[in-house]
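These are the residues of each chain, in order.
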Amino acid sequence: MRKLTYFIACSIDGFIGDPSGDASYMYPYVVGEYAEYVIAEYPDTNPVHVRRLIGIDGLPNKDYDTIIQGRASYDVALKEGITSPYAHLREYVASRTLKASPDPNVEIISDDLVGKVRELKAEDGDLGIYLCGGSVIAGELVNEIDELIIKTYPVVQGSGMPMFGSGFALTEFTLDEVRGFDNGVVVRKYSRKR
């Protein structure tokens, strides 16, 4: 069974963006030893235009061969004219409003997101599935998430888009690893308790 990993950046108080979902305030933290760590440990999570910029375009996939993202996350790339931001992965966008894909490499999931994720997890293969965001689809998929990698930036928002847009339900994870960086970013890795 392949793993679904929610690899997400958030504030100290657990928000992945402002109330509209904008997380651009986090970009200045992706520097120095922290940036080197993300490039070395999680190269697959970088979109194609960033992979080209940092010289890892063409690098074989290390951890993931598939990405699932929500419409708002996908719209960030579309606004820049990028229709296949993760062309090195199989791309799925969960959206009830986007009816046709603007790119042949991007498949739209308009219904039964959980069923599609279970189908992807059941495929043969050593590489996993990267859940990019956002809040609503993470909430829908919370019972399917096998691993959390949370990149916590040293800011408090007070309000905004939560990591999981779902109702109250306890879901337990086990802490596997914690790593701190000189810019105040902390990366925590958790495995799902089953």
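Below is a short write-up of the structure. Owing to the predicted nature of the structure, the values given are computational and were not obtained by experimental measurement. (Residues numbered from 1 in each chain as written. Predicted model: local features only at pLDDT ≥ 70, side-chain atom pairs only at ≥ 80, totals over all residues. Heavy atoms only, no water.)

A separate point is the overall build of the protein. Helix and strand counts for the protein stand at 5 helices and 10 strands. In summary, the protein has a C-alpha radius of gyration of 16 Å against a globular reference of 16 Å for 194 residues, a match within 12%. Considering only C-alpha atoms, the protein reaches an extent of 40 × 40 × 35 Å along its principal axes. Here the protein holds 194 residues, and the buried ones make up 45% of them. The contacts of the protein with a sequence gap of at least 6 include a subset with a gap of at least 24, amounting to 68%. As displayed, the protein has an accessible area near 9800 Å², and 53% of this comes from carbon and sulfur atoms. (Helix = DSSP H or I, 4+ residues; strand = E, 2+ residues; numbered from the N terminus. Rg over C-alpha atoms; globule rule 2.2 N^0.38 Å. Buried < 20%, exposed > 50% of the residue type's maximum accessible area, 1.4 Å probe, protein only. Contact = heavy atoms within 4.5 Å. Areas by Shrake-Rupley, 256 points an atom, 1.4 Å probe, with all protein chains shown as cover.)

Take the pairing of strand β6 (residues 128-133) next. Most of β6 is tucked away: 6 of the 6 residues are buried. Judged from the 3 bridges that link them, strand β1 (residues 4-10) and β6 form a sheet pairing that is parallel. Directly across from Y6, in β6, lies its bridge partner L131. In this structure, strand β3 (residues 64-70) lies alongside β6, joined through 5 bridges in parallel fashion. Residue T66 lies in a different strand from β6, and its bridge partner there is I129. (Pairing = 2+ DSSP bridges.)

What follows deals with the side chain of S11. Residue placement: S11 occurs in the loop between β1 and β2 (15-17). Engagement of the side chain of S11 in a polar contact is seen with the side chain of D13, the distance being 2.6 Å. (Polar contact = N/O pair within 3.5 Å; in protein donor to acceptor, adjacent residues only side chain to side chain.)

Let us look at unusual backbone geometry. Along the chain, G133 connects to G134 via a cis peptide bond; the corresponding omega equals 15°. When you line up the elements, G134 lands in the loop between β6 and α5 (135-140). Its identity is not glycine, yet D112 carries a phi of approximately 50°, on the positive side. Structurally, D112 is set in the loop between β5 (106-109) and α4 (113-121). You can call D112 exposed: its relative accessible area is 54%.

This paragraph deals with the sheet that holds β6. Overall, mixed pairing links the 8 strands, which are arranged β5-β4-β3-β6-β1-β7-β10-β9 in an open sheet. Here the strands that pair on one side only, and so sit at the sheet edges, are β5 and β9 (173-180). Within the sheet, the average angular offset between the axes of one strand and its neighbour, ignoring direction, is 20°. In the sheet, β1 pairs with strand β7 (residues 147-152) via 6 bridges, with the strands oriented parallel. Each bridged residue has a counterpart across the sheet, and for I8 the counterpart in β7 is I150. Relative to the sheet, helix α1 (residues 32-41) contacts β7, β9 and β10 (186-192), its axis offset from that of β9 by approximately 130°. Against the sheet, helix α3 (residues 71-78) touches β3, β4 (90-94), β5 and β6, its axis set at about 100° to β3. (Axes fitted to C-alpha atoms, helices over the stretch in contact; angles between N-to-C directions.)

As a further point, take the pattern of salt bridges. By the definition in use, this model includes 16 salt bridges. Linked through salt bridges whose partners overlap, the residues forming this network are R118, K121, E144, D146 and R194. (Salt bridge = Lys/Arg side-chain N within 4 Å of Asp/Glu carboxyl O.)

Mapping E91 onto the fold places it in strand β4. R52 provides the closest opposite charge to the buried, salt-bridge-free E91, at an N-O distance of 10 Å. Engagement of the side chain of E91 in a polar contact is seen with the backbone nitrogen of Y86, the distance being 2.9 Å. Separated by 2.7 Å, the side chains of E91 and N105 make a polar contact. When near neighbours in sequence (up to four residues on either side) are disregarded, E91 contacts I67, Q69, S84, P85, Y86, N105, V106 and E107. (Lys, Arg positive; Asp, Glu negative; His and termini not counted.)

To continue, consider the packing of aromatic side chains. Per the counting criterion, the structure on display carries 10 aromatic pairs. Taking the centre distance of 5.8 Å and the plane angle of 85° together, the rings of F7 and Y130 count as edge-to-face. With F7 in strand β1 and Y130 in strand β6, the pair connects residues that are 123 residues apart, well separated along the chain. Exposure class is identical for F7 and Y130. Each is buried. One aromatic cluster is present, built from ring pairs that chain together F7, Y29, Y34, Y37, Y42, Y64, Y86, Y130, Y153 and F181. (Phe/Tyr/Trp six-rings, centres within 6.5 Å; stacked < 30°, edge-to-face > 60°.)

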